[in-house]
Amino acid sequence: MLRLILTVIILLACCNVDSYAHGEADQDEWDPVSAGTLTTWTAPLCAKGEIVIQPFFFYNRTRGSFDSEGKYRSLPKGDKQYQYQEQLFMQYGITDRLEIDAQAVYQENYIRQDGVSAHKNGFGDSYLFLRYCAIEEKGWLPHLTGLFQVKMPTGKYQHLNPDKLGTDSMGTGSWDPGLGFILTKKLKPFLFHADAVFSFPQKVMVDGVKTRYASYTNYDFGVEYFLPKGFNLMLEANGYTQGDTWQDGERTVSTAVNYLILSPGVGWSCDKVQFLLAYQRVVAGVNTDANDSVVLTGVYTF
């Protein structure tokens, strides 16, 4: 399915690229609107006093997992694991170059394992962000924005019920400050985005055990291709890497996590509202679930 969607996106791009060759404004004046990418940050900020609200709706289905050696193992026959997740992302422009953001997550987890079913819903961990535009795009210079973020432990992470089969685990319990940078570059009719965010979890007690999760890195790359009449195509790659966990001063071997996600999508936008429908697939990883996801998001600006 992923291969088919990627093929369609490439064909559409090839068929429409000529329509932008003549009669368009200079690239510096070209300022398309869209819902952006799913996970990759976009460097431009909202204007001073502007409020932007963006809900996300995820359906995540687990088809298997990648073990500590990166080998894929499908779920046993008859087992099921899936999740509905709702996210709300909000932005507010303090100035034209400084923005504060927040993100909240609510999730519903379902699992069927060895003939036993469990379900639990609740809030996950939340985030606060502060973003500052250091350089606005000019000529060959990309748009550059710095990022400071804090993950807050608002999701349940301890005193889990064994009968819930892990569905009541909603967060990690740690406060995770992080720093990063975001790049955006216009090359009409394409818009390229890239980011890297480095996070540093703080120590936390989990069921009486002193726990320190390793520092982790999120790195993302996304490209948008703009079509006539408000449509655009999106392709994104998202990576994550984290080392082993430490418990009571001892390293827990083979607990490192990493994964790579590919996400094609299609969007439609006007000045006031923007929409994006996308498909995500975990294509490789270590100690992580192999998920397929359908995502719908929209943006509304006040």
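Right above here is the structure, for reference.
Residues numbered from 1 in each chain as written. Predicted model: local features only at pLDDT ≥ 70, side-chain atom pairs only at ≥ 80, totals over all residues. Heavy atoms only, no water.

Bringing the pairing of strand 8 (residues 176–187) into the picture now. Relative to strand 8, strand 7 (residues 143–152) runs antiparallel, the two being bridged by nine bridges. Paired with Thr 145 across the two strands is Ile 182, which belongs to strand 8. By the bridge criterion, 10 bridges tie strand 8 to strand 9 (residues 190–199) in an arrangement that is antiparallel. Across the sheet, residue Thr 184 finds its bridge partner in strand 9, namely His 193. Here strand 8 folds back onto strand 9, and the loop between the two strands holds two residues. (Pairing = 2+ DSSP bridges. Helix = DSSP H or I, 4+ residues; strand = E, 2+ residues; numbered from the N terminus.)

Counting 18 residues, the largest nonpolar core has Leu 38, Trp 41, Phe 56 and Leu 147 as the members making the most contacts within it. Counting residues per element, the ones that place at least two in this core are strand 1 (51–66), strand 17 (273–286) and strand 18 (288–301). For this core, the element with the most residues is strand 1, which contributes three residues. (Core = buried A, V, L, I, M, F, W, Y, C linked by side-chain atoms within 4.5 Å. Buried < 20%, exposed > 50% of the residue type's maximum accessible area, 1.4 Å probe, protein only.)

What follows is about the sheet that holds strand 15 (residues 250–252). Read across the sheet, four strands follow the order 10-11-14-15 without closing on themselves; strand pairing throughout is antiparallel. Across the chains shown, the open sheet's two edge strands, defined by having one partner strand only, are strand 10 (204–206) and strand 15. Averaged over all adjacent pairs, the angle separating strand axes in this sheet is 40°, with direction ignored. In the sheet, strand 14 (residues 245–247) pairs with strand 15 via three bridges, with the strands oriented antiparallel. Its bridge partner lying in strand 15, Trp 246 is registered against Arg 251. (Axes fitted to C-alpha atoms, helices over the stretch in contact; angles between N-to-C directions.)

Before going further, it helps to spend a moment on the side chain of Asp 67. Topologically, Asp 67 is positioned in the loop between strand 1 and strand 2 (72–74). In this structure the side chain of Asp 67 is engaged in a polar contact, spanning 2.9 Å, whose partner is the backbone nitrogen of Glu 69. Excluding residues within four positions of it along the chain, Asp 67 makes contact with Arg 73, Gly 285, Val 286 and Asn 287. (Polar contact = N/O pair within 3.5 Å; in protein donor to acceptor, adjacent residues only side chain to side chain. Contact = heavy atoms within 4.5 Å.)

By secondary structure assignment, the location of Thr 245 is in strand 14. Residue classification places Thr 245 among the buried residues on the basis of a relative accessible area of 13%. Note: C-alpha distance between Thr 245 and Thr 255 (10 residues apart in sequence) is 6.1 Å.

On inspection of all chains with the given rule, the structure shows 11 salt bridges. Arg 73 is the partner of Asp 67 in a salt bridge, and the nearest nitrogen-oxygen pair spans 3.2 Å. The shortest N-O distance in the salt bridge between Lys 151 and Asp 176 comes to 3.8 Å. Of the two residues, Lys 151 sits in strand 7 while Asp 176 sits in strand 8, which places them 25 residues apart along the sequence. Owing to a relative accessible area of 4%, Lys 151 belongs among the buried residues under this scheme. Salt bridges sharing common partners tie together Arg 61, Arg 63, Arg 281 and Asp 292. (Salt bridge = Lys/Arg side-chain N within 4 Å of Asp/Glu carboxyl O.)

Here Leu 260 is to be found in strand 16 (residues 257–269). The exposure class assigned to Leu 260 is partly exposed, which follows from its relative accessible area of 32%. Along the chain, Leu 260 and Asp 220 lie 40 residues apart, while their C-alpha atoms are 9.6 Å from each other. Sequence-distant contacts of Leu 260, that is, excluding residues within four places in its chain, are made with Asn 238, Gly 239, Arg 281, Val 282, Val 283 and Ala 284.

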